[in-house]
Amino acid sequence: MDVYKVDGGRRLSGEVSVQGAKNAILPILAACILSEKPVELTNCPDISDVDNMLSILDCIGCRTQKFEDRVIVDASDANCCEIPQELSKRLRSSFFVLGPMIARFGKASCWHPGGCEIGNRPIDLHINGLKRINVDIAEGFGQIKCRGDNLIGADVHLDYPSVGATENIMMAAVRAEGVTVIYNAAREPEIVDLQRFLNEIGFHVAGAGSSMIAIKGGGVTHETTHRIIPDRIVTGTLLCAGVMCGGDIIVKEVEENDVSAIVSKLSETGCSITSDHNSIRLRANRRPGEIRLIETSPYPGFPTDMQSLMFSTCSVADGTSVIVENVFDSRFKHVAEMAKMGAIYTIKDRIAVIRGVPKLTGAEVCAKELRGGAALTIAAIAAEGESTIHGVEYIDRGYDKLECMLRSFGASIRRETV
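Computed from a predicted structure; not experimentally measured.

1. What about the side chain of Thr-388?
And step 1. Relative to the elements of secondary structure, Thr-388 occurs in strand E22 (residues 385-390).
And step 2. Side-chain polar atoms of Thr-388 contact the side chain of Lys-5, separated by 3.0 Å.
And step 3. Apart from the residues within four sequence positions on either side, Thr-388 is in contact with Val-3, Tyr-4, Lys-5, Ala-363, Glu-364 and Val-365.

Structure, rendered in structure tokens:
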């Protein structure tokens, strides 16, 4: 297992380019199953979740090649419609293959997905949506078996704008007879990127980015090269590090509109944030001020994936900040580790009240999940003294060498194998 060794307390300066988005590439990799022609993806992050998704594609008969920041998928000979339990349990996004496998093969079988333990993440919305387009689904002993050899377009009303459910239904519906309309669809930028990819390979999807998405079934697939959008959560992580440590940093290759909710909240700390030509510059010359209220909600609201990063930021803010977690019911797992660094807080149900301290202190801590691990890392580079962060394998699920990005800003952080 690897750990991070951090000597904290240094001001940050420099510039870093952001990787492609984890939450965009995973459903797009799944969507490659739909194409009978080779597909090239660029701006791909080198993260373990991508490796696991490629293993799933290999398992069903795709030919995959991975280069530095490119992936080539040829699904022309894909012929297996069952995902082994071991692969299903490795990552939450394994469930994304259900929709495209049903569309391509008329049937699919997988297991309840794994991933980070951040609370209840039911798959009912996925299953109910697929049933609406005439998929027959049977569940038992943790396995999900689907048959959909006669997909029929329908109106699908989501009780909640679930990103995963929206994406799964989109991918299945491209082979349904007629038109499928998803109401109360998720509006995240990653949904827009998936729509762009589906249209590039020959399908007909419109409306992504709004609450209503229409999918016209049918289409002939063809080769394409698609560039993955920048990761807005990595962007936010780096900006939070800049606020906590002070200094002058530039984050490049970003989509400014995608991170507007994050930038708005960080601006409340008193730092200067400006943007120019797909880059954001953050200057922080004093201790950050409090952020009175952060409430997570579906896009375009404040992203739940940034909640733990903002908790770290608020832990050194001058004043008292409040965070309300409205999306997941168990996303404060990192806070006990933050207490080892000197963070002062009160948790009640889904509400965290954080009283900022002038300085955190180095400690030995353990990541329990992806975003909490990143939050502990930026807390460590801001803290006085040395820290050791265990559980780096969680961080590797979504960050392409986070330690290298932070070192580019002048942070003292290294990876060691123990």
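2. Re helix H9 (residues 260-267)
And step 1. For H9, every residue scored as buried is listed here: Ile-262, Val-263, Lys-265 and Leu-266. Taken around the axis of H9, the buried residues stretch over an arc of 165 degrees, which confines them to a single face.
And step 2. Each element contacted by the buried residues of H9 is listed here: helix H8 (232-245), strand E15 (272-275), strand E16 (279-284), strand E17 (294-295) and helix H10 (307-314).

3. Remarks on the sheet that holds strand E7 (residues 136-140)
And step 1. Spatial strand order, E6-E8-E7: three strands in an open sheet with antiparallel pairing. Pairing within the sheet leaves two strands with one partner each, and these edge strands are strand E6 (107-111) and E7. Averaged over all adjacent pairs, the angle separating strand axes in this sheet is 15 degrees, with direction ignored.
And step 2. Both E7 and strand E8 (residues 143-147) contribute to a ladder of five bridges, which runs antiparallel. Looking across to E8, one finds that Ala-138 is bridged to Lys-145.

4. Examining the packing of aromatic side chains
And step 1. For the structure on display, the rule yields one aromatic pair.
And step 2. A cation sits over an aromatic face here: Arg-70 above Phe-67, 4.4 Å from the ring centre.

5. Notes on the pairing of strand E3 (residues 39-42)
And step 1. When E3 meets strand E5 (residues 70-74), the two strands line up antiparallel, connected through four bridges. Opposite Val-39, over in E5, you have Val-73 as the bridge partner.
And step 2. Where E3 lies against strand E13 (residues 224-227), four bridges are found, and the strand directions are parallel. By the bridge assignment for E13, Leu-41 is matched with His-226.

6. Some points on the packing of helix H5 (residues 124-132) against helix H6 (residues 163-173)
And step 1. At a minimum axis distance of 8 Å, the contact between H5 and H6 shows a crossing angle of 25 degrees. Overall, the two elements H5 and H6 adopt an arrangement that is roughly parallel. In the crossing of H5 with H6, the sense of the turn from one axis to the other is right-handed. Here H5 contributes Leu-125, His-126, Gly-129 and Leu-130 to the contact with H6, which in turn contributes Gly-164, Ala-165, Asn-168, Ile-169 and Ala-172.
And step 2. The class makeup of the residues in the contact of H5 with H6 is five nonpolar, four polar and no charged.

7. Points about the environment of Val-220
And step 1. Mapped onto the elements, Val-220 comes out in the loop between strand E12 (212-216) and E13.
And step 2. Assessed through its relative accessible area of 67%, Val-220 is described here as exposed.
And step 3. Ignoring sequence-local partners within four residues, the contact set of Val-220 consists of Ile-201 and Gly-202.

8. What about the sheet that holds E17?
And step 1. The mixed open sheet is built from four strands, whose spatial order is E17-E18-E20-E19. This sheet does not close on itself; its edge strands, each paired only once, are E17 and strand E19 (344-348).
And step 2. Here E19 runs beside strand E20 (residues 351-355); their pairing, made up of five bridges, is antiparallel. In the sheet register, Thr-346 faces E20, and the bridge partner there is Val-353.
And step 3. In the packing of H10 onto the sheet, the strands contacted are E17, strand E18 (320-324), E19 and E20, and the crossing angle to E18 comes to about 170 degrees.

The rules behind these values
- Per chain, residues are indexed from 1 in the order of the written sequence.
- Thresholds applied to this predicted model are a pLDDT of at least 70 for local features of residues and 80 or more for the giving and counting of side-chain atom pairs; totals over whole chains, interfaces and linings are not thresholded and use all residues.
- Only hydrogens and water are removed before side-chain values are computed, so all heavy atoms of the structure are retained for them.
- Note on conventions: DSSP H or I runs of at least 4 residues are helices, E runs of at least 2 residues are strands, and numbering of each starts at the N terminus.
- Polar contact criterion, stated in full: a pair of N or O atoms within 3.5 Å, where within protein one must be able to donate a hydrogen and the other to accept it, and residues adjacent in sequence count only if both atoms are side-chain atoms.
- Two residues qualify as a contact provided that any one of their heavy atoms is within 4.5 Å of a heavy atom in the partner residue.
- Three exposure classes are used, based on accessible area relative to the maximum for each residue type with a 1.4 Å probe and protein chains only: buried under 20%, partly exposed in between, and exposed over 50%.
- It is the directions from the helix axis to the C-beta atoms that the arc portrays.
- Pairing between strands is defined by DSSP: at least two bridges between the two strands are required.
- Helix axes use the C-alpha atoms of the stretch in contact, all axes being lines fitted to C-alpha atoms, and the angles between their N-to-C directions lie in the range 0 to 180 degrees.
- Working definition: rings of Phe, Tyr and Trp (its six-membered ring) pair if their centres are within 6.5 Å, and the pair is stacked with planes under 30 degrees apart, edge-to-face with planes over 60 apart, and tilted otherwise.
- Only lysine NZ and arginine CZ atoms are considered, and such an atom sits over a ring when it is within 6 Å of the ring centre and within 35 degrees of the ring normal.
- Any angle that is under 35 degrees is reported as roughly parallel, and any over 145 degrees as roughly antiparallel; angles of 65 to 115 degrees are reported as roughly perpendicular and all others as oblique.
- The crossing is said to be left-handed when, going from far helix to near helix, the turn is anticlockwise and less than a right angle, and right-handed when the turn is clockwise.
- Residues were grouped as follows: Ala, Val, Leu, Ile, Met, Phe, Trp, Tyr, Cys and Pro as nonpolar; Asp, Glu, Lys and Arg as charged; and all remaining residues, including Gly, as polar.

So, to be careful, I would describe these as geometric facts and stop short of saying anything about function.
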